Amino acid sequence: MNARRYIAAAAAAFALAAASTAALAKTTFSVETDYRLGYDANPFLSAGNDVSATYIETSIAPRLTVQSAKGQTTASGHFDRTGYLSNYGKNDAYGAVLETQQRVTTKLTVFGALRYDSEVIGQGRDDVTGDPIDAPDVNLIGLRRRSNTYAASGGWQYQATPKDVISADGGYTATRFSNGPGGADSDNYGGRIGWKHAINAKTKVGISGSVYRIEYDTAGLSTLIMQPQLTFSTVLSPTWSVDASLGMSFSRLNLPGIAPSVNTQGLAGSLQLCHTGRRTNLCLVADRSVSASGAGSTVERTQVGVNYRHTLSERMTFLWNGSYSRSEGQAGLLGTRQFVSGRGGLEYQLQRGLKIGAEGYYRDIYGQGFPVKADIGGDIYATIQLVKR
């Protein structure tokens, strides 16, 4: 399947679906720029002895939001350039997202998104967000492989009764690597359907089922995955909420040539537990699923992340996040690797639209593969945000 042709066709349909926001719409445009000076003991978690570097990083992130009575459309992008003063030269990361959500009738809402990302895996902020699409490819950390991701998705949500919601969505993701051996590129496509029932004003239960297929550029190598799950969400208190799912993953790994297919089963699920207080925000996210790896096979991926923010004063904020990822290959084609990271610092609101801060961080990789030095470092930074309504 031609990734660019698929994304171009999806973009045309996407533009037609989002056109209704143009009339009587409110538009907001913002640009955020970030400037950093820091030190990394091992910025790419690569093997070797002389791997440390001082760096200067600049980034720009524009965002345009068009909001109407029926929905919202957002276009955003980012470009990050890191210049290392020794060993590595420069490294760029960039991407763009176009997404929309529109209310067609009082009961029916449709949504869609297009996304492109390009980055060197293992460099920068490989934080766990709870979304499997955003999960770091642990098997490739340390190899300095550039990943280019093209994605299109869309779906709908229908309020069948005052207490029941039916939803469905589908998507296609193409992952391409600009360097490294063949067999790593993949196409992932499939869909999900779900139903949720409101027990009361705070609690919802439901079921969902997803089916998707992963095809690699190695002839005959593919995976078919089915995941039935139970879902649960509730508001525990005015400041605490939880959203969770639990089920099973059934996958069939088809190997090249005359090798037999491999069937595997395992737990699948997700968790998001969040607290939003007057001065403190805390969110715990976790996910377990089967997904593709750029190392050339399918993996069972487990990830946990914590994000914490505490306001110390009117202008001063303490920020901290930590994450853990574990990747285990199916059918013995890949070993097990684990990745941990932590980042914390202080941020000061110097004036409206201008923040300065300092942070320190730690990252390391364990398991199969070459031994590496941990990445310990820190930086000072300034962030400028301009908003026009």
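Above this text is the structure in question.
Residues numbered from 1 in each chain as written. Predicted model: local features only at pLDDT ≥ 70, side-chain atom pairs only at ≥ 80, totals over all residues. Heavy atoms only, no water.

**Q** Let's hear about the overall build of the protein: which residues, and what values?
**A** Of the regular secondary structure elements, the protein holds one helix and 18 strands. Taking the contacts inside the protein whose residues are at least 6 apart along the sequence as the reference set, 58% of them involve residues at least 24 apart. Accessible surface for the protein amounts to roughly 19700 Å². Of this, 59% is attributable to carbon and sulfur atoms. (Helix = DSSP H or I, 4+ residues; strand = E, 2+ residues; numbered from the N terminus. Contact = heavy atoms within 4.5 Å. Areas by Shrake-Rupley, 256 points an atom, 1.4 Å probe, with all protein chains shown as cover.)

**Q** Mind laying out a nonpolar patch on the surface, listing which residues take part and the relevant values?
**A** A surface patch of nonpolar side chains, amounting to about 650 Å² of accessible area, comprises Trp156, Tyr158, Ile166, Ile193, Trp195, Ile207 and Leu230. Of all the secondary-structure elements, those providing two or more residues to the nonpolar patch are β6 (146–161) and β8 (186–198). One can find tryptophan 156 in strand β6. (Patch = residues over 30% accessible without salt bridge, like charges linked within 9 Å, V, L, I, M, F, W, Y side chains within 5 Å. Salt bridge = Lys/Arg side-chain N within 4 Å of Asp/Glu carboxyl O.)

**Q** So what about the pattern of salt bridges? Which residues, and what values?
**A** For the structure shown, the criterion picks out 14 salt bridges. A salt bridge links arginine 115 to aspartate 117; the nearest nitrogen and oxygen atoms lie 2.6 Å apart. A salt bridge links aspartate 375 to arginine 363, with the shortest nitrogen-to-oxygen separation between them at 3.1 Å. Taken together, the positions of aspartate 375 in strand β18 (residues 375–388) and arginine 363 in strand β17 (residues 354–367) put the pair 12 residues apart, joining distant regions of the chain. Each member of the pair, aspartate 375 as well as arginine 363, carries the same accessibility label: buried. Ionic contacts of the salt-bridge type, sharing partners, join the residues Asp34, Arg36, Arg343, Glu359 and Asp379 into one network. (Buried < 20%, exposed > 50% of the residue type's maximum accessible area, 1.4 Å probe, protein only.)

**Q** Please provide a residue-by-residue account of unusual backbone geometry, values included.
**A** At leucine 45, a residue that is not glycine, the phi angle is positive and equals roughly 50°. Along the chain, leucine 45 falls in the loop between β1 (26–40) and β2 (53–67). The phi dihedral of asparagine 87 falls on the positive side, at around 75°, and the residue is not glycine. Here asparagine 87 is to be found in the loop between β3 (71–84) and β4 (90–103). Classification of asparagine 87 by relative accessible area gives partly exposed; the value is 43%.

**Q** Describe the pairing of β4, listing the residues and the values that go with them.
**A** As paired strands, β3 and β4 are joined by 13 bridges and run antiparallel to one another. Pairing of threonine 73 across the sheet is with threonine 100, part of β4. A loop of five residues connects β3 with β4, the two strands running antiparallel in sequence, and asparagine 87 in this loop sits at a positive phi of about 75°. Taken together, the 10 bridges between β4 and strand β5 (residues 108–120) define a ladder with antiparallel strand orientation. Residue leucine 98 lies in a different strand from β5, and its bridge partner there is leucine 114. Between the end of β4 and the start of β5, which pair antiparallel, lie four residues. (Pairing = 2+ DSSP bridges.)

**Q** Give me the environment of tryptophan 195: which residues, what numbers.
**A** Within the secondary structure layout, tryptophan 195 lies in strand β8. Residues tryptophan 195 and isoleucine 207, spaced 12 residues apart in sequence, show a C-alpha to C-alpha distance of 5.6 Å. Other than its neighbours up to four places away in sequence, tryptophan 195 contacts Asp164, Val165, Ile166, Val205, Gly206 and Ile207. A polar atom in the side chain of tryptophan 195 sits 3.0 Å from the side chain of aspartate 164. (Polar contact = N/O pair within 3.5 Å; in protein donor to acceptor, adjacent residues only side chain to side chain.)

**Q** Tell me about the packing of aromatic side chains, and name the residues and values.
**A** Two aromatic rings, taken as a pair, are described by how far apart their centres are and by the angle between their planes. Within this structure, the stated rule accounts for eight aromatic pairs. Each ring, one from tyrosine 116 and one from tyrosine 150, has its centre 5.2 Å from the other, and the planes form 40°; the classification is tilted. One end of the pair, tyrosine 116, is in strand β5; the other, tyrosine 150, is in strand β6, and 34 residues separate them in sequence. Since its relative accessible area comes to 24%, tyrosine 116 is described here as partly exposed. Taken together through their ring pairs, the aromatic side chains of Phe44, Tyr55, Tyr84 and Tyr88 make up a single cluster. The positively charged end of arginine 144 is found above the aromatic ring belonging to phenylalanine 44, 4.3 Å away from the centroid. Between arginine 145 and the ring centre of phenylalanine 177, over which it is positioned, the NZ or CZ distance is 4.9 Å. (Phe/Tyr/Trp six-rings, centres within 6.5 Å; stacked < 30°, edge-to-face > 60°. Lys NZ or Arg CZ within 6 Å of the ring centre and 35° of its normal.)

**Q** Now, about the nonpolar core: what can you tell me, with residues and values included?
**A** In this structure, Leu45, Ile121, Val138, Leu140, Ile141, Phe177, Ala184, Phe339, Ile365 and Val372 together form the largest nonpolar core, which totals 10 residues. Grouped together as the second largest cluster of nonpolar side chains are nine residues, Tyr216, Leu255, Val290 and Ala292 included. (Core = buried A, V, L, I, M, F, W, Y, C linked by side-chain atoms within 4.5 Å.)

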